[in-house]
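Descriptive analysis of the structure
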Amino acid sequence: MPRKKITLGFIGAGRVATGLASGFARAGVNVVAIASRRIASAQRLAKRVRGARACAPQEVADRTDIALLTVPDDAIEAVASSLRWRAGSACVHCSGAADLDVLRKAVADGALAGGFHPLHMFGEAGDPGGLAGCAIALAGPDALVQRLARLARALHAKPLRLPEGGRALYHAAANFSGAFVIALIQEAVALWGKLGIAEADALAALLPLLRGTADNVEKLGAAGGLGSAIARGDAGTIRRHLDVLARQAPDSLELYRILSLRTIPLALAKGTLEPAAAKEISALLEKSILKRVD
Ligand SMILES: NC(=O)c1ccc[n+]([C@@H]2O[C@H](COP(=O)([O-])OP(=O)(O)OC[C@H]3O[C@@H](n4cnc5c(N)ncnc54)[C@H](OP(=O)(O)O)[C@@H]3O)[C@@H](O)[C@H]2O)c1
């Protein structure tokens, strides 16, 4: 007998709901109900998703097999606790950091609780984006995770099961490949700004470097993809970097030092940095912090 098509609903019609609901609709998954704090937000999204109706949050819980809570992290527990859940249905949040105990009211009502976190930076709420190739971190009891994994694959994304209690560390770590990369780009743009290079020109020059770096890591792994003065063991260049930063951008010196120290083990693993040169570079970096303290 063919498997019954599951029905999905969303509570919270913002960026993630827009990306997921549009992706599911394109993939032929049944999105039937969308609610939000303001009905106008739900209506806006429901208009874009064939078969979906804007409704109240309770109707999402009443009518769907899986209700995805796509509200801000801090609102998840209050929203889940304010509704009555059907036994056998599922209440699933999309936060990367929140544990499943914020859904305890749904579990008390007999529903299953789960997590479905797309490892993707969604754009504005009008932008459906695309999740092909992205990881989606899943959590919950096995039977639910299997259903969520099928949903992830319908979006051409890769299901990633997290160990119990591991969500906060998983999410904190992901910043190093997401938001913090933006902070690092901004650091470079600001430093080039001291040379009179406009932000648009800086981004046009830096983004191909970033893409090339990501391509290298994809092809060769983290250590294999590494290039830079540290990878070459170029202590003279590191000294020049430290000197210019100390004089012209002392606020960037600590960040440069910490990241350089983290780069040394990678360069050693790559095999292009000799242990003696690594020691010399480490000593230079340590001295730079002592100089600042002086
Ligand atoms: N943004 C990302 O890149 C990203 C990526 C992965 C996971 N996530 C996770 O996905 C979830 C949603 O994030 P988002 O970026 O989509 O947030 P968002 O764009 O701010 O959208 C949140 C939506 O929830 C609605 N809402 C707020 N409080 C509500 C309440 N009490 N009841 C019902 N609806 C409420 C908002 O209401 P109205 O419009 O109706 O006022 C808004 O439409 C979060 O758990 C976040 O951690 C985000």
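Report follows, based on the coordinates. As the structure is a prediction and not an experimental result, all values here were calculated from the model.

Residue placement: Pro163 occurs in the loop between strand S8 (158-161) and helix H7 (167-174). Taking relative accessible area as the criterion, Pro163 reaches 57% and is therefore assigned exposed. Once the C-alpha coordinates of Pro163 and Ala25 are considered, the two residues, 138 residues apart in sequence, prove to be 30 Å apart.

Moving on, we come to the side chain of His93. With respect to the secondary-structure elements, His93 resides in strand S5 (residues 90-93). For His93, the side chain forms a polar contact with the main-chain nitrogen of Ser95, separated by 3.1 Å. Not counting residues within four places of it along the chain, the set of residues in contact with His93 comprises Leu69, Ile76, Ala98, Asp99, Leu100, Val102, Leu103, Gly114, Gly115, Phe116 and Arg167.

One side chain can pair with another of opposite charge once the charged atoms of both are near each other. Under the criterion given, the structure shown has eight salt bridges. Two residues, Arg53 and Glu59, come together in a salt bridge whose shortest N-O distance is 2.2 Å. The partner of Asp142 in a salt bridge is Arg161, with the nearest N and O atoms 2.8 Å apart. Taken together, the positions of Asp142 in helix H6 (residues 142-154) and Arg161 in strand S8 put the pair 19 residues apart, joining distant regions of the chain. What makes Asp142 partly exposed here is its relative accessible area of 48%. One network of salt bridges, in which partners are shared, links Arg53, Glu59 and Arg63.

On to the site of the ligand. Near the ligand you find 21 residues, and of these Val16, Ser36, Arg38, Ser41 and Asp73 are the closest. In the model, an oxygen atom of the ligand is placed 3.3 Å from a nitrogen or oxygen of the Ala13 main chain. Only helix H1 (15-26), helix H4 (73-81) and strand S6 (112-118) provide two or more residues apiece to the shell around the ligand. Of the residues contributing to the shell around the ligand, the split by class is nine nonpolar, eight polar and four charged.

The next thing to look at is the packing of helix H8 (residues 179-193) against helix H12 (residues 250-270). Between two packed helices, what matters for the description is the angle formed by their axes and the separation of those axes. Running from N to C, H8 and H12 point in directions that differ by 130°, and their axes come no closer than 12 Å. Comparing their axes, H12 and H8 come out oblique. As H8 packs across H12, the resulting crossing turns out to be left-handed. Note on element contacts: H12 touches H8 through Ser252, Leu255 and Leu259, opposite Leu184, Glu187 and Leu191.

The first and last C-alpha atoms of H6 sit 18 Å apart over 13 residues, in line with the 18 Å expected at 1.5 Å per residue. Looking only at H6, the buried set comprises Leu144, Val145, Arg147, Leu148, Ala149, Leu151 and Ala152. Remark: His156 follows H6 within two positions and exhibits a positive phi of approximately 60°.

Here is what the cut-offs are and how they apply
Residues numbered from 1 in each chain as written. Predicted model: local features only at pLDDT ≥ 70, side-chain atom pairs only at ≥ 80, totals over all residues. Heavy atoms only, no water. Helix = DSSP H or I, 4+ residues; strand = E, 2+ residues; numbered from the N terminus. Buried < 20%, exposed > 50% of the residue type's maximum accessible area, 1.4 Å probe, protein only. Polar contact = N/O pair within 3.5 Å; in protein donor to acceptor, adjacent residues only side chain to side chain. Contact = heavy atoms within 4.5 Å. Salt bridge = Lys/Arg side-chain N within 4 Å of Asp/Glu carboxyl O. Near = heavy atom within 4 Å. Nonpolar A, V, L, I, M, F, W, Y, C, P; charged D, E, K, R; others polar. Axes fitted to C-alpha atoms, helices over the stretch in contact; angles between N-to-C directions. Parallel < 35°, antiparallel > 145°, perpendicular 65-115°, else oblique. Left-handed = near helix turned anticlockwise from the far one by under 90°. Expected span 1.5 Å × (residues − 1).

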